[in-house]
Amino acid sequence: MGSLWAAFCWRLIHACLDVVYFFSAIRLRLLALCWAFPFFVQGEEACIQQILGERKRLPKTVAIVLDSEEARHGKDKVVVLLWWLKKVGVCHVSLYDMEGLMKTSQHVLEDNYSLSTNKAERVHFYHHKGRSKELIETDDKGLSKTNMSNLFCVTDKTGEAPDKHIMLVELLSLEDGKEAIVRAARHLCTSAQKMRVESLSEADLNESMIESGVGGPDPDLLIIFGAASCLFEFPPWRIRLTEILYFGSLKNLTAPSFVSLLNDFSKKTHRYGK
Amino acid sequence: MSKFPKKFWQDKSPDKKNQKRLHCVASDGNVGYSTSNAPADSLSSTSEASRLWFVQNESSLQHADAMSLEVGRRVVYSSNPEVTCASESITHSCAQIERELNPMLMPRHVAIIMDGNSRWAEKRGLEPSSGHEAGLQALKNVVGLSRRWGIQVLTVFALSTENWLRPKMELDFLMNLIERGLQDELSNFQKEKICIRFIGNLSMLPESLQSLIAFVERSTWYNEGLKLIVALSYSGRQDILQACQLLVAQAIDGLIKPEDITESMIDDKLLTTLVGEMRNPDLLIRTSGERRLSNFLLWQMAYTEFYFVDAFWPDFGELDYKKALLSFQSRKRRYGSRL
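All of the points below concern the structure found in this document. (Residues numbered from 1 in each chain as written. Chains lettered and ligands numbered in written order. Predicted model: local features only at pLDDT ≥ 70, side-chain atom pairs only at ≥ 80, totals over all residues. Heavy atoms only, no water.)

## Quick look at the overall build of chain A
Along the backbone of chain A there are 10 helices and 6 strands. Residues classed as buried in chain A amount to 48% of the 274 residues present. Contacts in chain A between residues far apart in sequence, at least 24 positions, make up 71% of those at least 6 positions apart. As displayed, chain A offers around 13,600 Å² of accessible surface, 57% of which is attributable to carbon and sulfur atoms. (Helix = DSSP H or I, 4+ residues; strand = E, 2+ residues; numbered from the N terminus. Buried < 20%, exposed > 50% of the residue type's maximum accessible area, 1.4 Å probe, protein only. Contact = heavy atoms within 4.5 Å. Areas by Shrake-Rupley, 256 points an atom, 1.4 Å probe, with all protein chains shown as cover.)

Below, the structure is given as structure tokens:
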């Protein structure tokens, strides 16, 4: 009888602890919801607008690095992310995955990018075709096919698209990374005949990459989505001063977490070595 | 072959799961592991050089080169008959640290961006020079830990090309500090068999420092222990550019054709080629909360795992380093491939 009574007391204590932990977990979840509640009430768009209203330092050029799994299964989320980036005023996005799945799925991305047909919401997807610098449009109306170098001359320096309402989305893969530097070095072999090799500068190599059809702006912010916090051979030339943030799985990305990423970025200061 | 004591340590490990494992710190700082009660006759000592050794089972050792083995600061094994031996259990706190790090998952090459010296000093109301002095002490500590934990290459970013924009007084102090540090530590490098090399545009450094660097490199050239690479006046883009320049020059001279230029050829011309196959860091640690490469080893960081820590560099100690390594060890590295 005594042992039964002891067992009963033991189980009662465990049951009480379980109840306490249960309510504690609910309390924590409610607290989390309270933080995100304004965003839920206002909606995603209002959440994004809020950070714009706070006048924080936001990136103009962003790079998104996807590992193979994310590139394969996260296209819908990528489109949502592009929409958010457009909303916060980003004018150039470099979308990278090693295998080039984003390049081959370009039409899927275009079709899924279902925002208003308002001119203010236009996004242009493009990728480098080796030596060709064609710009691929999202719709048949509007801009005709434009030589990339004209646009790039502007984006290279300021990151701004010629039309402020257009966001350029550059699709990159492995061939645009180290292989691009290799092509630039080969290209330099011909142009360097006319000048001293010792006087070749970073600008010359950069120009050679543009001539080879793989130039692009340096991103202010690079976000990595995937299982590993590494660059997966993202073009190394461009990430000299880029802020690198690792998020994890794309499926966990929400408007509040996206805003949190931008908040992290806005807090960083650049001293440029000083 | 030396005679070993038959039972040179007892298994007093508090870790019940790994009761048969003991982690010991050799007197030369290398880490050794063993199962308990390893038969003495299976041990062999082949050379005076101390290296990492690892016992897989009770009947064999891969190699044991330690001249003497200390556990809890007591010698428990020695191939030197003048040094007394004893059987002791591990009590030293270092053993706990080594017990948690898995030697089989240690990164071979760790790169560190030592950021935050000036802000550390500013936070304490001190001059930036005090921050750099404290940063040097932190570096000495990390070098010692790297050697002890079996890391083979440690690359540290001491000065970037952008840092030349700092005030002249601060730069002069830094140059003097580096000179003093090298002079003070040279004997230690020899003792600990550290091979130290410098990469970057060294021609921008004062001549006295350039001469000292050349001397230190020559003196430690054949050391087979930890390879310490110090990036001074270094720029990742300049590194890539100089590699391309060398290849372009070869192409102009007719030694190679432009179409022969490949990624691996550029790889072989980079300044980090001196460490061979370990040229690409496995782990990058950056202190002070910044999350940028700041023009450091751009080409080499393709598959490097990043670990960003908020502490300023002078505050980066053993615990922070261990956390970074444990974080690295818990990650699954796929190098871009699918699982």
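On we go.
## A few points about the interface of chain A and chain B
Contact with chain A, which involves 47 residues of that partner, is made by 43 residues of chain B. Contact between chain A and chain B buries roughly 4,200 Å² in total, counting both sides, with carbon and sulfur atoms accounting for 58%. Our enumeration of links across chain A and chain B arrives at 4 salt bridges. Close ionic contact of Glu202 of chain A with Arg237 of chain B constitutes a salt bridge, the shortest N to O distance being 4.0 Å. At the junction of chain A with chain B, the criterion picks out 15 residue pairs in polar contact (both at pLDDT 80 or more). Looking at the side of chain A that touches chain B, the elements with two or more residues in it are helix H3 (68-73), helix H8 (178-191), helix H9 (202-211) and strand E6 (243-248) of chain A. With 8 residues, H8 of chain A is the largest single contributor of residues to the side of chain A that touches chain B. (Buried area = accessible area lost by both parts, 1.4 Å probe. Salt bridge = Lys/Arg side-chain N within 4 Å of Asp/Glu carboxyl O. Polar contact = N/O pair within 3.5 Å; in protein donor to acceptor, adjacent residues only side chain to side chain.)

## Points about the sheet that holds strand E6 (residues 109-113) of chain B
For sheets, the rule is that strands pair by backbone hydrogen bonds, running either parallel or antiparallel. Residues and elements named next belong to chain B. On the basis of which strands lie adjacent, the open sheet formed by 6 strands has the order E8-E9-E7-E6-E10-E11 and parallel pairing. Since the sheet does not close on itself, it has two edges, and those belong to strand E8 (195-199) and strand E11 (305-308), each with one partner. Mean inter-strand twist for the sheet, computed between neighbouring axes without regard to direction, equals 20°. Looking at chain direction, E6 and strand E10 (residues 283-286) are connected through 4 bridges and run parallel. Residue pairing in the sheet places Val110 in a bridge with Leu283 of E10. Against the sheet, helix H3 (residues 128-148) touches E6, strand E7 (153-160) and strand E9 (227-234), its axis set at about 160° to E7. (Pairing = 2+ DSSP bridges. Axes fitted to C-alpha atoms, helices over the stretch in contact; angles between N-to-C directions.)

## Things to note about the environment of Ser160 of chain B
All names here are of chain B. With respect to the element layout, Ser160 can be found in strand E7. Exposure remark for Ser160: the relative accessible area of 6% places this residue in the buried category. Spatially, the C-alpha atom of Ser160 lies 20 Å from that of Ser130, the residues being 30 residues apart in sequence.

## Some thoughts on helix H4 (residues 168-192) of chain B
Since the α-helix turns once every 3.6 residues, residues separated by three or four places project in the same direction. All names here are of chain B. Between its terminal C-alpha atoms H4 stretches 34 Å, which fits the 36 Å expected from 25 residues at 1.5 Å a residue. The largest bend along H4 reaches roughly 45° and is located at Glu185. Phi turns positive, to about 60°, at Lys193, one or two residues after H4. (Expected span 1.5 Å × (residues − 1). Bend = angle between axes of the 7 residues up to and from the residue.)

## Let's talk about the sheet that holds strand E4 (residues 167-172) of chain A
Residue and element names in this part refer to chain A. Read across the sheet, 6 strands follow the order E3-E4-E2-E1-E5-E6 without closing on themselves; strand pairing throughout is parallel. At either end of the open sheet lies a strand with only one pairing partner, and these are strand E3 (123-127) and E6. Geometrically, the sheet is characterised by an average inter-axis angle of 20° between neighbouring strands, direction not taken into account. Looking at chain direction, strand E5 (residues 221-225) and E6 are connected through 5 bridges and run parallel. For Phe225, the partnering residue across the bridge sits in E6 and is Gly248. Sheet strands in contact with helix H10 (residues 255-267) are E5 and E6, and its direction is about 155° off that of E6.

## Observations concerning the environment of Ser235 of chain B
By the element assignment, Ser235 of chain B lies in the loop between E9 and helix H6 (236-252). Residues Ser235 of chain B and Thr161 of chain B, 74 residues apart in the sequence, show an inter-C-alpha distance of 5.9 Å. Setting aside its immediate chain neighbours within four residues, Ser235 of chain B contacts Glu202 of chain A together with Thr161 and Asn295 of chain B.

## Remarks on helix H5 (residues 207-219) of chain B
Residues and elements named next belong to chain B. Compared with an ideal rise of 1.5 Å per residue, which puts 13 residues at 18 Å, H5 spans 18 Å between its outermost C-alpha atoms and is within 8% of the ideal. Of the residues making up H5, those classed as buried are Leu209, Leu212, Ile213, Val216 and Glu217. The arc enclosing the buried residues of H5, seen along the axis, measures out at 135°, which places them on a common side. For H5, the exposed residues lying more than 90 degrees away from the buried face are Glu207 and Arg218. (Arc of directions from axis to C-beta.)

## Let's talk about the nonpolar core
Leu231 of chain A together with Phe296 of chain B are the most contacted members of the largest nonpolar core, which has 56 residues in total. At the level of secondary structure, the elements contributing two or more residues to this core comprise strand E1 (61-66), H8, H9 and E5 of chain A together with E6, E7, E9 and H6 of chain B. Among the elements that make up this core, the one with the highest residue count is H6 of chain B (7 residues). Dropping the residues within four chain positions of it, Leu231 of chain A is found in contact with Val65, Tyr96, Leu222, Ile224, Ile239 and Ile244 of chain A together with Leu293, Met301, Ala302 and Phe306 of chain B. Ranked by size, the runner-up nonpolar core spans 44 residues in total, among them Ile151, Leu154, Leu212 and Leu325 of chain B. (Core = buried A, V, L, I, M, F, W, Y, C linked by side-chain atoms within 4.5 Å.)

## Some thoughts on unusual backbone geometry
Residues and elements named next belong to chain B. With a phi angle near 50°, Ser294 is a residue other than glycine that sits in the positive phi range. The topology assignment puts Ser294 in the loop between E10 and E11. The phi dihedral of Asn295 falls on the positive side, at around 70°, and the residue is not glycine. Within the secondary structure layout, Asn295 lies in the loop between E10 and E11. Among the residues examined, Asn295 registers a relative accessible area of 1% and is labelled buried.

## Considering the pairing of strand E2 (residues 92-97) of chain A
Residue and element names in this part refer to chain A. Most of E2 sits out of view: 6 of its 6 residues are buried. Here E2 shows no split at all, with His92, Ser94 and Tyr96 on one side and Val93, Leu95 and Asp97 on the other all buried. Sheet topology note: the E1/E2 ladder contains 6 bridges and is parallel. Of the residues in E2, the one forming a bridge with Val62 is Val93. Judged from the 5 bridges that link them, E2 and E4 form a sheet pairing that is parallel.

## Digging into the pattern of salt bridges
Inspection of the entire model under this criterion finds 22 salt bridges over all chains. Bridged by salt links that share partners, the residues Glu243 of chain A together with Asp115, Arg119, Arg286, Glu290 and Arg292 of chain B form one connected network.

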